[in-house]
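# Inside the fold
The primary structure of each chain is shown beneath.
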Amino acid sequence: MSVKKLSPNWFWEGTQDFEYKKYLLLAYLQYVSREFAEVRLYPSFQDLIFHYNNLRAFRDEKQKLNQQFPHQINEEEFRKQNLVKDSLIEDSPQFQEINSIVTYALPEIKHYLEDGKGIYDFIDENLQIEPVGIRPLYLKEGYLLLRMNPRKEVRAFEYKVVFLENVGVNYHGISMNPVRNFRYSIANTYEAMKRELIRDHQKFVNPATFLVHAVQPFPEESALLPITKRKVLHYLKSDLAA
């Protein structure tokens with residue numbers, strides 16, 4: 001059995017059977033392990049974060065409710081996402097199974113999260129960012145040149161930083177759209193690539209342009225590009241806050 005993705009409510013929907021849910025979780029984590037072994041970090045790492053936080057939220061809410069009143073949460077009403085008090089003090093057998101699943105799953109997922117975090121940190125530490133040419137004052141739009149050693153190919157992206165609002169939480173996001181590929185050489189330097197981008201697109205007079213240099217190759221879509229986005233945002237953080 002191969003499980004590439006878990007439902008958000010996998011731990012309580014359907015059959016509340018501990019052995020089955022354990023088997024389901026382990027099949028999913030085996031898939032994640034294979035992905036991590038190939039340094040394919042996303043989307044598995046992001047999914048693990050979601051499932052871990054989701055399980056913790058369920059556990060914490062359950063503890064909070066138990067502290068407020070010694071009653072059972074009716075399972076059928078919980079399925080409808082409407083928490084109600086039942087007249088029994090003890091948990092139902094179904095909820096005991098769910099609690100067992102959550103208790104088992106949290107440390108298992110945390111172990112793989114730590115593995116994913118290690119891969120993330122390794123890639124992040126092996127990415128170097130530096131400006132190409134004169135660094136302008138306006139940094140919310142521009143170009144990124146992405147190169148991985150020992151390759152000579154350089155991928156050029158147009159980037160744009162956007163300000164996002166989501167349920168009262170404000171944060172910055174970044175988009176990266178590929179525009180063309182170059183080949184690095186003594187004659188075709190990063191500065192020369194920047195001049196070509198200015199000439200071909202004529203969108204900026206002196207665009208913010210940064211070289212993102214990976215000291216070794218990594219899978220692009222499933223590791224390098226998502227981490228590059230976060231690293232560039234962190235690199236620009238102080239300027240964006242101004």
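Description of the structure in this document.

About the criteria used
- Residues numbered from 1 in each chain as written.
- Predicted model: local features only at pLDDT ≥ 70, side-chain atom pairs only at ≥ 80, totals over all residues.
- Heavy atoms only, no water.
- Helix = DSSP H or I, 4+ residues; strand = E, 2+ residues; numbered from the N terminus.
- Buried < 20%, exposed > 50% of the residue type's maximum accessible area, 1.4 Å probe, protein only.
- Contact = heavy atoms within 4.5 Å.
- Areas by Shrake-Rupley, 256 points an atom, 1.4 Å probe, with all protein chains shown as cover.
- Axes fitted to C-alpha atoms, helices over the stretch in contact; angles between N-to-C directions.
- Parallel < 35°, antiparallel > 145°, perpendicular 65-115°, else oblique.
- Nonpolar A, V, L, I, M, F, W, Y, C, P; charged D, E, K, R; others polar.
- Core = buried A, V, L, I, M, F, W, Y, C linked by side-chain atoms within 4.5 Å.

## So, the overall build of the chain
A count of helices and strands for the chain gives six helices and five strands. Listed N to C, the secondary structure of the chain is α-α-α-α-β-β-β-β-α-β-α in terms of helices and strands. Expressed as a percentage of the 242 residues in the chain, the buried residues total 41%. Long-range pairs, those at least 24 residues apart, make up 64% of the contacts in the chain between residues at least 6 apart in sequence. Of the roughly 13,800 Å² of accessible surface on the chain, 51% is carried by carbon and sulfur atoms.

## Points about the packing of helix α1 (residues 18-37) against helix α4 (residues 93-125)
Packing of α1 against α4 leaves a shortest axis separation of 10 Å and a crossing angle of 5°. If you check the angle between α1 and α4, you find them roughly parallel. Contacts between α1 and α4 involve F18, K21, K22, L25, L26, L29, V32, S33 and F36 from the former and E97, S100, I101, Y104, A105, E108, I109, Y112, D115, G116 and I119 from the latter. Partitioning the contact of α1 with α4 into residue classes produces twelve nonpolar, three polar and five charged.

## A short note on the nonpolar core
Formed by 55 residues in total, the largest nonpolar core has its most connected members in W10, F11, L41, L48 and Y159. At twelve residues, α4 tops the list of elements feeding residues into this core. Leave out the neighbours within four places in its chain, and L48 touches Y28, L29, V32, F36, I109, Y112 and L113. Core analysis: the second largest hydrophobic core is formed by eleven residues, A156, Y190, L197 and L211 among them.

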